[in-house]
Amino acid sequence: MSQTRHFLTDLDLSPEELDRVLNLATWMKQRPYAVKALAGPQTAAVIFDKTSTRTRFSFSAGIAALGGHPEVINPGDSQLGHKESIADTAGVLERMVSLIIWRTYAQSGLEEMAVRSRVPVINALTDDYHPCQLLADLLTIRERLGTLAGKSLAYLGDAANNMANSYLLAGVNAGMDVRIAGPEGYLPQERIIRTAEDRAAVTGGKVTITTDPDTALGGADAVATDTWISMGQEEQKDQRMQVFGDYQVSAKALAKAADAALVLHCLPAYRGAEITADVIDGPQSVVWDEAENRLHAQKALMAWLLVESGLTDDETVRLVREGERG
Ligand code: CP
Ligand code: NVA
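If you're wondering where the values come from, they're calculated on a predicted model, not measured in any experiment.

1. Some points on empty space enclosed by the protein
- Within this structure, the stated rule accounts for one cavity of 30 Å³ or more.
- Approximately 30 Å³ is the volume found for the largest cavity.
- For the largest cavity, the full set of lining residues is Phe7, Asp10, Leu18, Pro131, Leu135, Leu138, Ala170 and Asn173.
- Those elements that provide at least two residues to the lining of the largest cavity are α5 (131-145) and α6 (162-173).
- At three residues, α5 tops the list of elements feeding residues into the lining of the largest cavity.
- Here the residues of the lining of the largest cavity sort into six nonpolar, one polar and one charged.

Okay, structure coming up:
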């Protein structure tokens, strides 16, 4: 009997597994309807405690393309969180659905769901991580630069948020030189830095945490940023708009990176705040490929987790094994 595989943080895939999932994403992107891992149609629960555009549509479209049915729950629409515990919800869902995809606040809640669930649980963003976004970002960088290992990635802005943590962990998992820059008080927690350093020691990746944006940007192959005001932080808007000014991704900042460095943003973006319009709408921006790759990366992830968990038919196993070889 296989053990259920979940995807709760960026490091829930080993470096070798990450490579296999990205290979599979590339392969499935060329064959969008070949893998029917959710044939039946089986239902996947897609639950949102925070709002979403990309995550909602990419999972809905991806689940449909895998032959399944997405049951999307908007914030406040189920008993979960106010009338019923996470464990009891998991106990019900695992009897009815083949995947649980959840966007929530606390990482600990997601972990609780996974402990109780016999079907794979996928992190669709928590306060701490956004690992599905990083699968899409890594796929996009790999498509453009050919490889990930040894390439440098600079992230500027709110370096204490979910995207910064995921850039750090997923980047080093892929063997990248990850530079994270933000103001004092808005840098990744020590435990996350240590975890990233441990993984970098295995993969040959590199970790730089700095308050100096130029240190992060110098010659970087890719430059990323994210909103300065994450979901749940709206009341801190005025103060946050003051704090991150030196970390804006502008044409002047981008000029310090490598020539033709890629510009990434998970979106939604605030032009004139964390990134200027000329940069996000300019020739170095790959944000639309990045958004599209949410679909391809998550389809591969869902199929792969189901195969690894022993929850698919033989034909799906065969196709996934072929695709992951690249
Ligand atoms: N990037 C991202 O997760 O976008 P949504 O919040 O629209 O899902
Ligand atoms: N850091 C952002 C990412 C949105 C996709 C947030 O959590 O709101």
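2. Focus: the side chain of Glu274
- Residue position: Glu274 is located in the loop between β9 (262-265) and α11 (277-280).
- One buried charge, Glu274, has no salt-bridge partner; the nearest side chain with opposite charge is Arg271, at 8.1 Å.
- Of note is the side chain of Glu274, whose polar atom sits 2.9 Å from the backbone nitrogen of Tyr270.
- Not counting residues up to four positions away in its chain, the partners in contact with Glu274 are Thr225, Asp226, Thr227, Trp228, Tyr247, Gln248, Val249, His265, Pro268 and Ala269.

3. Overview of the pairing of strand β1 (residues 43-48)
- Taking burial as the measure, the six residues of β1 include five buried ones, the bulk of the element.
- Taken together, the five bridges between β1 and strand β2 (residues 69-73) define a ladder with parallel strand orientation. When the bridges of β2 are listed, Val46 appears paired with Val72.
- For β1 and strand β3 (residues 99-103), the ladder comprises five bridges, and the chain directions are parallel. Bridging from a neighbouring strand, Ala45 pairs with Ile100 of β3.

4. A few points about the site of ligand 2
- Neighbouring ligand 2 are Leu125, His130, Asn161, Asn162, Asp226, Thr227, Ser230, Met231, Cys266 and Leu267.
- Within the contact set of ligand 2, a nitrogen atom lies 2.6 Å away from a side-chain nitrogen or oxygen of Asp226.
- Backbone polar atom of Met231 to an oxygen atom of ligand 2: 2.8 Å apart, as the coordinates give it.
- For ligand 2, whose free accessible area comes to 270 Å², the fraction covered by protein is 94%.
- Put simply, ligand 2 lies in the largest pocket.
- Of the residues assigned to the shell around ligand 2, the class counts are four nonpolar, five polar and one charged.

5. Some words on the layout of surface pockets
- Counted as a void, the largest pocket has a volume near 650 Å³.
- Asp226, Thr227, Ile229, Ser230 and Met231 are, among the 36 residues lining the largest pocket, the residues nearest its centre.
- At the level of secondary structure, the elements contributing two or more residues to the lining of the largest pocket comprise α2 (54-65), α6 and α9 (237-243).
- It is α9 that contributes the most residues to the lining of the largest pocket, three residues altogether.
- Looking at the lining of the largest pocket residue by residue, the classes come out as 13 nonpolar, 12 polar and 11 charged.

What counts, and at which threshold
As a convention, each chain's residues are numbered from 1 in the sequence order in which they are written. Whichever chain is written first is A, and whichever ligand is written first is 1; the rest continue in order. The predicted nature of this model means local features are confined to residues of pLDDT at least 70 and side-chain atom pairs, given and counted, to a pLDDT of 80 or more, with totals for whole chains, interfaces and linings taken over all residues. Side-chain numbers here rest on the full set of heavy atoms in the structure, without hydrogens or water. Cavities and pockets are defined on a 1 Å grid built over the protein atoms alone: a cavity is a set of grid points where a 1.4 Å probe fits but cannot escape, while a pocket is an open set with protein on both sides within 12 Å along at least five of seven lines, and lining residues are those with an atom within 4 Å of any such point. Grid points are joined across faces, edges and corners, and a volume is the space filled by probe spheres set on the points. Strands here mean DSSP runs of E at least two residues long; helices mean DSSP runs of H or I at least four residues long; both are numbered from the N terminus. Three classes are used, and their members are as follows: Ala, Val, Leu, Ile, Met, Phe, Trp, Tyr, Cys and Pro are nonpolar, Asp, Glu, Lys and Arg are charged, and the others, Gly among them, are polar. Accessibility here uses a 1.4 Å probe with only protein chains present; expressed as a share of the type maximum, an area under 20% marks a residue as buried, one over 50% as exposed, and anything in between as partly exposed. Neither His nor the chain termini are counted; the positive set is Lys and Arg, and the negative set is Asp and Glu. Throughout this description, the term salt bridge denotes a Lys or Arg side-chain nitrogen within 4 Å of a carboxyl oxygen of Asp or Glu. By the criterion applied in these results, polar contacts are pairs of N or O atoms within 3.5 Å in which, for protein atoms, one can donate a hydrogen and the other can accept it, and in which residues neighboring in sequence qualify only through two side-chain atoms. Contact criterion: two residues are considered in contact whenever any of their non-hydrogen atoms come within 4.5 Å of each other. At least two DSSP bridges between two strands are required for those strands to pair. We call a residue near a given molecule or strand whenever any one of its heavy atoms falls within 4 Å of it. Areas reported as accessible are Shrake-Rupley estimates using a 1.4 Å probe. Residue values count occlusion only from the protein chains shown. Just a note on the criterion: a molecule sits in a pocket or cavity if more than half of its atoms are within 2 Å of the grid points.

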